[in-house]
Structure formats: C-alpha cells, structure tokens
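Report on the structure
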Amino acid sequence: MNRQEQIGKLQAAKEFDICVIGGGATGAGIALDATLRGLKVILIDKSDFAGQTSSKSTKLIHGGVRYLEQAVKKLDWEQYKMVRKSLRERETLLKNAPHLSRPLALITPCFNFFEGIYYTIGMKMYEWISGSQSIAKSQWLSKKETLDLIPELKSKRLSSGVLYYDGQLDDARYCLAIVQSAEANGAVVLNHLQALKFNKNEDNGRLKSLNTKDLISGNDYSINAKVFVNATGPFADSIRQMANSKLRPRIKVSRGAHVVLSREVMKGETAILVPKTDDGRVIFMIPWQDQVLIGTTDEADELSENPKLEDYEKTYLLEYVNRYFEKTVMPDQIKSGFAGLRPLLQAQLQSAMNSDTKSLVRDHEVEIDRRSKLVSIMGGKWTTYRLMAKDTLDEIYKEVLKKEIVKCTSEHEVLYGGEDYRYEDWQEFVNKYGISAWTAQNLMKKYGNNALKIMQLTEKQIELKDLLVPNHPFIKAEVLYVIQEEMAASVDDVLERRLGLKIRNEAASRSVEPYVQEILGRS
Ligand SMILES: Cc1cc2nc3c(=O)[nH]c(=O)nc-3n(C[C@H](O)[C@H](O)[C@H](O)COP(=O)(O)OP(=O)(O)OC[C@H]3O[C@@H](n4cnc5c(N)ncnc54)[C@H](O)[C@@H]3O)c2cc1C
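For clarity, every value in this text was computed on a predicted model and none was experimentally measured.

1. Describing the side chain of Thr232
Its location among the elements puts Thr232 in the loop between strand E10 (220-230) and helix H8 (236-243). Here Thr232 falls in the buried class, since its relative accessible area comes to 13%. Separated by 3.2 Å, the side chain of Thr232 and the backbone nitrogen of Ala236 make a polar contact. With sequence-adjacent residues up to four places away left out, Thr232 is seen in contact with Ile21, Gly22 and Ile239.

2. Section: a nonpolar patch on the surface
On the surface, a cluster of nonpolar side chains totalling about 470 Å² of accessible area is made up of Phe113, Phe114, Ile117 and Ile121. Note that Phe114 resides in helix H5 (residues 113-129). The class for Phe114 is exposed, based on a relative accessible area of 63%.

3. Some thoughts on the pattern of salt bridges
Here the structure, examined in full by the defined rule, presents 43 salt bridges. As a salt-bridge pair, Asp279 and Arg281 come within 3.4 Å of each other at their nearest N and O atoms. Overall, Asp279 belongs to the partly exposed group, its relative accessible area being 41%. Relative accessible area serves as the criterion here: at 16%, Arg281 is assigned to the buried category. Salt bridges here are not isolated pairs; linked through shared partners, they connect Asp48, Asp492, Asp493, Glu496, Arg497, Arg498 and Lys502.

4. Concerning unusual backbone geometry
When glycine is set aside, most residues are seen to have a negative phi, and most peptide bonds are trans. In this model, Gly295 is joined to Thr296 through a cis peptide bond whose omega is 20°. Mapping Thr296 onto the fold places it in the loop between strand E14 (291-295) and strand E15 (299-301). The residue Lys59 is not glycine, and still its phi comes out positive at about 70°. Along the chain, the position of Lys59 falls in the loop between strand E2 (41-44) and strand E3 (60-61). The class for Lys59 is buried, based on a relative accessible area of 1%. Positive phi, close to 45°, is recorded for Asp420, a residue that is not glycine. Note on placement: Asp420 falls in the loop between helix H10 (385-400) and helix H11 (426-433). A relative accessible area of 75% means that Asp420 is categorised as exposed.

5. Comments concerning the environment of Lys327
Examined against the element boundaries, Lys327 turns out to sit in the loop between helix H9 (311-324) and strand E16 (334-345). On the basis of relative accessible area, Lys327 is assigned to the exposed category, the value being 71%. Separated by 119 residues in the primary sequence, Lys327 and Lys446 have C-alpha atoms spaced 32 Å apart.

6. Examining the site of the ligand
The local shell around the ligand holds 37 residues, among which Thr26, Asp45, Ser54, Leu60 and Thr383 are the closest. Thr383 places a polar side-chain atom, nitrogen or oxygen, 2.7 Å from an oxygen atom of the ligand. For the ligand, whose accessible area on its own is 1,000 Å², the fraction buried by protein is 96%. Elements with a minimum of two residues in the shell around the ligand: helix H2 (25-36), strand E8 (193-200), strand E11 (251-262) and E16. Looking at the shell around the ligand residue by residue, the class counts come to 11 nonpolar, 19 polar and 7 charged.

7. Concerning helix H1 (residues 3-12)
Buried residues of H1: Arg3, Gln6, Ile7 and Leu10, and no others. Across the axial projection of H1, the buried residues extend over an arc of 100°, all falling on one side. In H1, the exposed positions that point more than 90 degrees away from the buried face belong to Gln4 and Ala12. Here H1 starts with a cap whose side-chain oxygen sits 2.9 Å from the backbone nitrogen of Gln4, and that cap is Asn2.

8. A short note on the packing of aromatic side chains
Summed over all chains, the structure comprises 12 aromatic pairs. On the basis of an interplanar angle of 75° and a centroid distance of 5.4 Å, the ring pair of Phe198 and Phe228 is categorised as edge-to-face. Residue Phe198 is located in strand E8, and its partner Phe228 is located in strand E10; the two are separated by 30 residues in the primary sequence. Across the pair, exposure class does not vary: Phe198 and Phe228 are buried alike. On the numbers, 5.6 Å between centres and 75° between planes, the contact of Trp382 with Tyr385 is edge-to-face. For Trp382, a relative accessible area of 10% puts it in the buried group. Note on Tyr385: relative accessible area 4%, which makes it buried. Through a chain of ring-to-ring contacts, three or more aromatic side chains come together here, namely Tyr174, Trp382 and Tyr385. Over the aromatic face of Phe235 sits the side chain of Lys46, whose NZ or CZ is 4.7 Å from the ring centroid.

9. Structural notes on the packing of H11 against helix H13 (residues 451-460)
Where H11 meets H13, the closest approach of the two axes is 11 Å, and the angle between their N-to-C directions is 5°. Accordingly, the angle class assigned to the pair H11 and H13 is roughly parallel. Residue-level inspection shows Phe429, Lys432 and Tyr433 of H11 in contact with H13, the latter providing Ala451, Leu452, Met455, Gln456, Thr458 and Glu459. Among the residues forming the contact of H11 with H13, the class breakdown is 5 nonpolar, 2 polar and 2 charged.

Rules used in this analysis
- Residues numbered from 1 in each chain as written.
- Predicted model: local features only at pLDDT ≥ 70, side-chain atom pairs only at ≥ 80, totals over all residues.
- Heavy atoms only, no water.
- Helix = DSSP H or I, 4+ residues; strand = E, 2+ residues; numbered from the N terminus.
- Buried < 20%, exposed > 50% of the residue type's maximum accessible area, 1.4 Å probe, protein only.
- Polar contact = N/O pair within 3.5 Å; in protein donor to acceptor, adjacent residues only side chain to side chain.
- Contact = heavy atoms within 4.5 Å.
- Patch = residues over 30% accessible without salt bridge, like charges linked within 9 Å, V, L, I, M, F, W, Y side chains within 5 Å.
- Areas by Shrake-Rupley, 256 points an atom, 1.4 Å probe, with all protein chains shown as cover.
- Salt bridge = Lys/Arg side-chain N within 4 Å of Asp/Glu carboxyl O.
- Near = heavy atom within 4 Å.
- Nonpolar A, V, L, I, M, F, W, Y, C, P; charged D, E, K, R; others polar.
- Arc of directions from axis to C-beta.
- Phe/Tyr/Trp six-rings, centres within 6.5 Å; stacked < 30°, edge-to-face > 60°.
- Lys NZ or Arg CZ within 6 Å of the ring centre and 35° of its normal.
- Axes fitted to C-alpha atoms, helices over the stretch in contact; angles between N-to-C directions.
- Parallel < 35°, antiparallel > 145°, perpendicular 65-115°, else oblique.

Following this line, the structure appears as structure tokens:
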C-alpha cells in the first residue's frame, strides 16, 4: 500500500459506489465487505487506520462475561443474544487472522466458597452459549492450581479460581490487516485525509460529493460517491450534522484507561479477570506480548482526539494490581499507558429524531438519514466489527441502492498476512538471516507472511538488521517497511500502531523518534 498511489487512484476515479468515512475497525470492516461484494469503494480516515478508539481497546475478542451476568440478572433477552453473537464471532476473528490473534486463558480469583460456585456456574454458561465455537472447557481450580498458573497472586485470602477462555487481538495491526485486505481486493484507502464538507443535490438534499483535505500535503480532494457511510465511532455526530444539521446528537463517549507494566509483575500466559471493583467495574490484567496490560476504567467524558492517560487513572488501576499481587508494584514500574473513548449510543433519543432508524441489535445501529441518505453505523465493539459491516451493507442494498442484497462473504476472508500462516517459519529467519529468535517471532506475530519481505530488505542493507532500540525485539528494517508498504506517515503511525513500541515502553519509543522522523523525511 502506497499513499501516493492511492491518491492517484482517488484522482482518477469519477465516482465511487461507497465512500466510507472513518478507518477504525468499523469502517475498515465495511470497506472490506463492500469490496468483496463487488462495489467500488474508498475508505478515508483523518488520522491513521485505527488511529482512535480501535487501537485503544483492551484487545479482547469476547462476548463479555459482565454482559452475560447483566443479561441473566435482568432477564434481558437482547443482551443475551448480543453475547451469543459475539461469542460466535470470536471464532471467526481468531480464524481469519491467526498471526494477529490467539486464544487467551483467564482466571477469576475467588475469595470464598460461594464465589467459587457462582463464577463456575457463570463461566460454564458462557462456555455453553458459545456452543461448538467454545475455545476450551472452563474449569474450577483449587487454590494450589490457581497459584500454579499465576504464582504472583496474593495467596493469603485466595480460596480458589475459575479458569475460562476468550480471545486476544493486536487491535491496531488487526485493523490495518482489514484495510490491507480491502485494498488488495480493489478499495482505495487513505489515512490522514479529513472529511470536511458534503455537497448536496439542491432539489432533494441528497449527498453527492465530499470535500476532503490531505493533512500530510495540504492538498484538497473531492470525492463523488453514490453512498456515504459514516463510521467515525465517537465522532459520528459531527459527520451526521455535517450531512443534516437537523439531526440530534446520538453518541455519548465513555472513557477507558489502561496502564502497561513490565512482565516481571506476571510472568505466565494466564490473564486475570477482576469481576467486580468497589465501583462495580471489571478489570483485566492480561499478558500482552512482552508486557502486562491492566484495564480498564469506565466513566463519562468529553469528545476529544487522543485522550491522555491521567495520574488518577494510574493510581486507580495500580491500587487493584496491588490488591491482587504479592509484590507491591510502584508507579515507576508503569512503562506506558493509553486511554480511549467508547462510542455509546443514546437509544432514548431514537424516537425524537428525524430519520429512519433501523435497530439491528441493541449493541449497534444503522441509521439512514431520510433527507441526505447518509448511512451512519454507531455503537458496537471490536469483536462484532464484521457483523456491523454486514448489517450496514445489507441495509445499504435494501434502503439506499434499492437492489437485491449481494451475499456477504467476509466470514471466510483470511486477512492480509494470514494466508497459509506458519508461525514456526520464524526458525528459518534465524537460520538464514542470523537474527535473534525473539526478533524473528515478533516479526511473524506482527506481519504474518509478510515478515519475509522485511527480511529481504536487510539483504541489500545489512545494518537494517540492527535493533531499533536495546531490550526490544524490533529491527530498523521494520521502520522502512511500514513507511514504504503500510502507509505509515507520522511518527505515531510507525511507533504506536505499526510496531507497537510506544505502548510497550514510552521512554524507549521517545528515544527513537528522531530516527523515525529522519526516515519519514527521506521517504
Ligand atoms: C477503553 C476501551 C476498551 C475496549 N475494549 C474492547 C475489547 O476488549 N473488545 C472489544 O470487542 N471492544 C472493545 N472496545 C470497543 C472497541 O474498541 C470500539 O467499539 C471500536 O474500536 C470502535 O471502532 P470504530 O471504528 O467505530 O471507531 P474508531 O476506532 O474511533 O474509528 C473512527 C475513525 O473515524 C475517524 N474520523 C473521525 N472524524 C473524521 C473525519 N472528519 N474525516 C475522516 N475520518 C474521521 C477517526 O480518525 C477514527 O480513526 C473498547 C473500547 C474502549 C474505549
């Protein structure tokens, strides 16, 4: 994927069938699905692919144990159906990008006999709902078995544990792989291209083109399309009001923060679910590549880009870490952290709106504005991105294009880098190129089959095999590759989302910013 080439394709195109605004999980999923159904598609994002919420998640592919608990307690059938759909979708996400996702074992520590029974029943039900797509059997564990898996836990009050399974994904790179697959199937994809203003048919108010600005070059481009899709997550209201100023706001954002600690804190591969904090939240403590990810919080916030992790959030999350772990973790052991905004739908405003609203499932909703015909997809979660895309496209065929629905095939589309993926190939890189096993394994997990292309860059320039920074597996060739092949156009595109160094260790990431800036300048 090359930015200049994509700009050329945008300029050459007279009209697209669909212009998708927003290159997070939702928009990327729509672009891929639409392309697979034979439509001519352009996908744009004003920051980077997964530049906002889609790279700030807890990185779980899950039905949501907490949602199931709520569904049972409130006898809420819609909530139950949502958990079931997500659990079934979990298998598809794991299967379609084996390099970027994996099953994850989690333990809920229990502090008395009744908690042990309560969570065993809950997790059995969670496993039962996933049916044939269950990852592995959930299980009650004795205190000793629990400590064997997570020896760092405080043992004094521990009574037992309940083991269950979900999935984990590399959210930023997973989103990129969806974009790359869309592009490989014919979509035009552009990051750092901001939607600024719609132009409408004067007689009926229907959208006909979009003015955009390239935030890298400063150039303006106009995009003509039959259908405009608003997949801007937390920013959805701004695009809705750009299309029709009479539409009332629908989105509320809820802020979630994470801290990243080094692996000394928790060395094994099993995560912890804290099922109930003092204020009724859920916190996960998850092995995440070479770190431990702790999160998340959940509180109302104002809409902003790239919200910063606050000190009170670090204190809150560390307090829970220290309740569960024998060894006290100090604030200076925090290596990194990030916060994101959940795009939550305000369903109660639905009836007051001047639009045809199709409520497809409680979790997400496709809205088609009666006047402008803007299609907005709102709410949802990472795990259901593909279903959200499917629902959006089906509605577009029915309500906007007024055509028979072309069948969705994304369920079987293995994503870029995942075709015939063989993790064991890392060994060949070690043998042939003399790099460390750590680097070779990291390359396989981040780039899948394309890892070979990175090694080939080092054949001409041997110094590209050098580590980018000590104590981390990344090599210099990766910086060049992600700029040349993955449309990374800013320091954060490279270090935060393509390599992921910034979310492992902020200080290490800062130290290589000048190097990355220099390579970007030369490209
Ligand atoms: C803290 C936290 C933890 C979470 N954990 C999980 C989890 O573990 N599992 C799970 O399934 N879900 C999780 N979620 C939910 C999930 O991350 C989100 O539902 C999902 O990422 C939303 O994706 P999106 O594409 O709708 O929005 P976004 O990722 O925010 O994408 C919207 C895009 O639109 C772009 N945009 C905005 N305005 C414009 C414009 N004018 N022109 C062009 N582009 C524009 C933005 O730059 C942005 O990239 C979590 C969310 C949060 C906040």
